[in-house]
Amino acid sequence: FIQDFSKAMSQAGSSQFQEVIRQELEYSMKVELDKILATAHSNEVEHTKKDLEGFKKLFHRFLQEKGPSVDWGKIQRPPEDSIQPYEKIKARGLPDNIASVLNKLVVVKLNGGLGTSMGCKGPKSLIGVRNENTFLDLTVQQIEHLNKSYNTDVPLVLMNSFNTDDDTKKILQKYSHSRVKIYTFNQSRYPRINKETLLPIAKDVSYSGENTECWYPPGHGDIYASFYNSGLLDNLIAEGKEYIFVSNIDNLGATVDLYILNHLMNPPNGKRCEFVMEVTNKTRADVKGGTLTQYENKLRLVEIAQVPKAHVDEFKSVSKFKIFNTNNLWIALSAIKRLQEKNAIDMEIIVNPKTLDGGLNVIQLETAVGAAIKSFENSLGINVPRSRFLPVKTTSDLLLVMSNLYSLNAGSLTMSEKREFPTVPLVKLGSSFTKVQDYLRRFESIPDMLELDHLTVSGDVTFGKNVSLKGTVIIIANHGDRIDIPAGALLENKIVSGNLRILDH
């Protein structure tokens, strides 16, 4: 008994002790944030204050929560009707008045990311993807095509970050004559915190020069608060808009789908969904993608970071969790407003550790837009074809979308009819291809890939004009070697290694 009693006492003591430490950390954080705010110019004070208030709430939750793990025992498969097959939704057809349905829609693209992972400066959305068209060009073309075809007024909204806002706004002038109204708002700017002290590394509000590393945009879950705070949400509701379709600007498959929109606006059971998440079937390449589960009687997005270590392999299993989140989301504007005003949008905190150039370890607290699904009423998953998920994260992805596997029509990419099977080849380009400019230099023209299953390229390799790749092709130039694939070459089920200069032929 005495042992149990002292154990209980020490546990009570440790929880009190933890509470004291938490309060001290929050107090120190408040002091530091007040100092930073004091350095703001009068025209910056208002929005800096909003940003820091939002950060304070997130930091408070970060200190309160015991860690990101979900209770694995509570995870259940979603009920049958909570994830609908796309075919069933498409089979309903479209109403005659599709234009009036379209006029209730706003397209939102998440445009906060830089092209750094592909060796580019500036916003990722300005990287050329196809025939000189950037991600942003293709997006504008798609919506313009919709507006012209149906005589509608679907606007485009870009959620920028402080990293992408200036460059994006400069480029928007070129669309001033297009038939698309384009709006922008900025996501928040939060301070990175030192991993050891849990205090901000920024000393003032500036975010240029050496201070660029002190701040970060806190993930796309920030959309709800910053969209609301910008005033744009209220303006769009006042214009009669009812739903937003949100997706990553680098997902070239995320086009406006009229069947899904019709399902939202004219639900078969009369009860509208406030939140629809497009999911698609996992392949071996997607084992890390977040999945939809049933948790405490709600649909819930579970990301790999929330899975207890002992269950990570089970989470990655393609047989148990068959689908993953594409981050194509359809959300009711009125629901965002209601939940935001009640402060009732609940998203798990993602703790993202980074090491800065000088070697300092920092953490940034983020949230993900899809994690809010559990806060909305009558949520639904729709299992869409894989073609609606075509993200370009690397130059390997870029090679696919630049190739003849896809044809481009009014800003939309569709798989070529000449490809005999609907799956996309697996492409792995080595580190010599990571940066866009290196990648472009190594291909005189993009190879014919219609019959390709698998391509691995490693080392110093270049491709001449009009090369054809079929089946499985593996090209490996060892260190110090160089392989030049000559113009017009056909490689079918081939392994090429060693040293191959065009001169050798």
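Residues numbered from 1 in each chain as written. Predicted model: local features only at pLDDT ≥ 70, side-chain atom pairs only at ≥ 80, totals over all residues. Heavy atoms only, no water.

1. Describing the pairing of strand β20 (residues 426–429)
Then, in step 1: Only one face of β20 is buried: it carries Val 427 and Leu 429, and the other face, with Leu 426 and Lys 428, is open.
Then, in step 2: Examined bridge by bridge, β20 and strand β21 (residues 448–458) share 4 bridges and lie parallel to one another. Note on β21: the bridge partner recorded for Leu 429 is Val 457.
Then, in step 3: Crossover handedness for the path β20 to helix α13 (residues 436–442) to β21: left-handed. (Buried < 20%, exposed > 50% of the residue type's maximum accessible area, 1.4 Å probe, protein only. Helix = DSSP H or I, 4+ residues; strand = E, 2+ residues; numbered from the N terminus. Pairing = 2+ DSSP bridges. Right-handed = clockwise from strand over helix to strand, strands pointing away.)

2. Things to note about the domain arrangement of the chain
One widely used convention gives an interface's size as the accessible area the parts lose upon coming together.
Then, in step 1: Assigned domains of the chain: these are domain 1 (72–384) and domain 2 (395–497).
Then, in step 2: Its C-alpha centre places domain 1 at a distance of 30 Å from the equivalent point of domain 2.
Then, in step 3: If you look at the interface, domain 1 gives 16 residues, while domain 2 gives 16 residues.
Then, in step 4: Buried area between domain 1 and domain 2, both sides added, is near 1200 Å², and the carbon and sulfur share of it is 63%.
Then, in step 5: Area buried by domain 1 at its contact with domain 2 is led by Met 118, Val 129 and Arg 130, which between them contribute 43% of it.
Then, in step 6: Summed over the shared surface of domain 1 and domain 2, the number is 0 salt bridges.
Then, in step 7: In this assembly, domain 1 and domain 2 are joined by 5 residue pairs in polar contact (both at pLDDT 80 or more). (Domains from an automatic or database assignment. Contact = heavy atoms within 4.5 Å. Buried area = accessible area lost by both parts, 1.4 Å probe. Salt bridge = Lys/Arg side-chain N within 4 Å of Asp/Glu carboxyl O. Polar contact = N/O pair within 3.5 Å; in protein donor to acceptor, adjacent residues only side chain to side chain.)

3. Overview of the UniProt feature "binding site: UTP" (unreviewed entry) in the chain
Then, in step 1: Following the UniProt record, one finds the feature "binding site: UTP" (unreviewed entry) at Lys 124, Gln 187, Gly 219, Asp 250 and Lys 393. If you take the residues mentioned a moment ago, the ones lining the second largest pocket come down to Gln 187.
Then, in step 2: On the secondary structure map, Lys 124 appears in the loop between β2 (105–111) and β3 (128–130).
Then, in step 3: Aside from chain neighbours lying at most four places away, what touches Lys 124 is Gly 113, Leu 114, Gly 115, Met 118, Phe 135, Asp 250, Val 392 and Lys 393.
Then, in step 4: By the element assignment, Gln 187 lies in the loop between β6 (182–186) and β7 (190–191). (UniProt positions renumbered as here; feature names shortened; annotations may be inferred. 1 Å grid on protein atoms, 1.4 Å probe; cavity = no way out; pocket = protein on both sides within 12 Å on 5 of 7 lines; lining within 4 Å.)

4. Side note on empty space enclosed by the protein
Then, in step 1: This structure, assessed with the given rule, holds 2 cavities of 30 Å³ or more.
Then, in step 2: The volume enclosed by the largest cavity comes to roughly 50 Å³.
Then, in step 3: When residues in the lining of the largest cavity are grouped by element, the largest group, 4 residues, is from helix α5 (residues 135–150).
Then, in step 4: Among the residues forming the lining of the largest cavity, the class breakdown is 5 nonpolar, 3 polar and 1 charged.
Then, in step 5: Computed from the structure, the second largest cavity encloses a volume of approximately 30 Å³.
Then, in step 6: As for the second largest cavity, its lining consists of Glu 303, Gln 306, Glu 348, Ile 350, Ala 368 and Ala 371. (Points joined across faces, edges and corners; volume = space filled by probe spheres on them. Nonpolar A, V, L, I, M, F, W, Y, C, P; charged D, E, K, R; others polar.)

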